[in-house]
Amino acid sequence: MVNLKFWEKWFRKPEKWIALDVELDGMHPSRIIQLSYLIIEGGRIKGKNMYFAVKAVNRYARRVHGLSVYQLKRLSGGQIFADRADEVFRDFQDCKLVIGHDVAGDMRYLRSEFRRVGLDLPDIPIFCTLKHYTEEAHIPLKQNPNVLKPPRLGELTEHFGL
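Residues numbered from 1 in each chain as written. Predicted model: local features only at pLDDT ≥ 70, side-chain atom pairs only at ≥ 80, totals over all residues. Heavy atoms only, no water.

## Examining the layout of surface pockets
For the record, the criterion: Every definition here rests on a 1 Å grid over the protein atoms only: cavities are sets of points where a 1.4 Å probe fits but cannot get out, pockets are open sets enclosed by protein on both sides within 12 Å along at least five of seven lines, and lining residues have some atom within 4 Å of a point. Grid points are joined across faces, edges and corners, and a volume is the space filled by probe spheres set on the points. Here a strand is any run of E in DSSP of at least two residues, a helix any run of H or I of at least four, and the numbering for each starts at the N terminus. The residue classification treats Ala, Val, Leu, Ile, Met, Phe, Trp, Tyr, Cys and Pro as nonpolar and Asp, Glu, Lys and Arg as charged. All others, Gly included, are polar.
Within this model, the second largest pocket holds a volume of roughly 370 Å³. Forming the walls of the second largest pocket are 17 residues, and the residues nearest its centre are D21, V22, E23, H101 and D106. Among the elements of the structure, β1 (16-24), α2 (59-65) and α5 (103-116) are those that each provide at least two residues to the lining of the second largest pocket. Of the residues contributing to the lining of the second largest pocket, the split by class is nine nonpolar, three polar and five charged.

Written out as structure tokens, the structure is:
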């Protein structure tokens, strides 16, 4: 069971936190095709969800997120990351904590996108739900039951009854 009282005190703090998730095209180098985040600040939450047009999507990546080049062009209105980079940068630049499932990877891709447009995102502390909840979810690896499997988000929601 999730201890909501624990988190309640943190969500009231005036600092800005961001809960982040990205989807990638799976190409080399990978590009962000969907950027979703919640800005949590002073007891308020604001959500943003952006799509970006790309020239190709790896078929294995498409199986994960279900987004095609055609769908991305339509959903993004033809915009690429560079078109929204300043807005995203402003949202993240004074953030005190970024939360996500394998958030280190998501931040690595976000930094790469910013570098492509000449922006340098400052270091921001992260809280990774994948790492943090691996032990609590206690899901053994099929190949080696003595080792715990990092949980998928669906497995965590099931574990916590959400």
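Additional details are given in the paragraphs that follow.
## Notes on the pattern of salt bridges
What counts, and what does not: Basic side-chain nitrogens of Lys or Arg form a salt bridge, by our definition, when they fall within 4 Å of a carboxyl oxygen of Asp or Glu. Relative accessible area decides the class of each residue, using a 1.4 Å probe on protein chains only: under 20% of the type maximum gives buried, over 50% gives exposed, and in between gives partly exposed.
Evaluation of the coordinates by the stated rule reveals nine salt bridges. Across the pair E113 and R31 runs a salt bridge, and its minimum N-O distance is 3.1 Å. Within this pair, whereas E113 is found in helix α5, its partner R31 is found in the loop between β1 and β2 (32-41), the two being separated by 82 residues in sequence. With relative accessibility at 32%, the residue R31 sits in the partly exposed group. Between E113 and R116 there is a salt bridge, with its nearest N and O atoms 3.4 Å apart. Here R116 and E113 lie together in helix α5, a separation of three residues that amounts to about one turn.

## So, helix α4 (residues 81-93)
The criterion, for reference: Here the bend at a residue is taken as the angle between two axes, fitted respectively to the seven residues that end there and the seven that start there. Contact criterion: two residues are considered in contact whenever any of their non-hydrogen atoms come within 4.5 Å of each other.
The axis of α4 is deflected most strongly, by about 35 degrees, at E87. Inspection of α4 places F81, A85, V88, F89, D91 and F92 among the buried residues, and these make up the whole buried set. The inward-facing, buried residues of α4 abut β1, β2, β3 (44-51), β4 (97-100) and α5.

## Description of the side chain of H101
To keep it simple, the criterion reads: Distance and chemistry together define a polar contact, namely a pair of N or O atoms within 3.5 Å, with one atom able to donate a hydrogen and the other to accept it when in protein, and with adjacent residues in sequence counting only for side-chain atoms on both sides.
Here H101 lies in the loop between β4 and α5. Within the local environment of H101, its side chain forms a polar contact with the side chain of T129, the two groups lying 2.7 Å apart. There is a polar contact of 3.4 Å between the side chain of H101 and the backbone nitrogen of L130. Sequence-distant contacts of H101, that is, excluding residues within four places in its chain, are made with D106, T129, L130, P151, R152, L153 and L156.

## Here we look at the side chain of R111
Examined against the element boundaries, R111 turns out to sit in helix α5. Ignoring anything within four residues of it in the chain, the contact list for R111 reads L121, P122, D123 and I124.

From the geometry alone we can't say anything about function, so treat these as descriptive.
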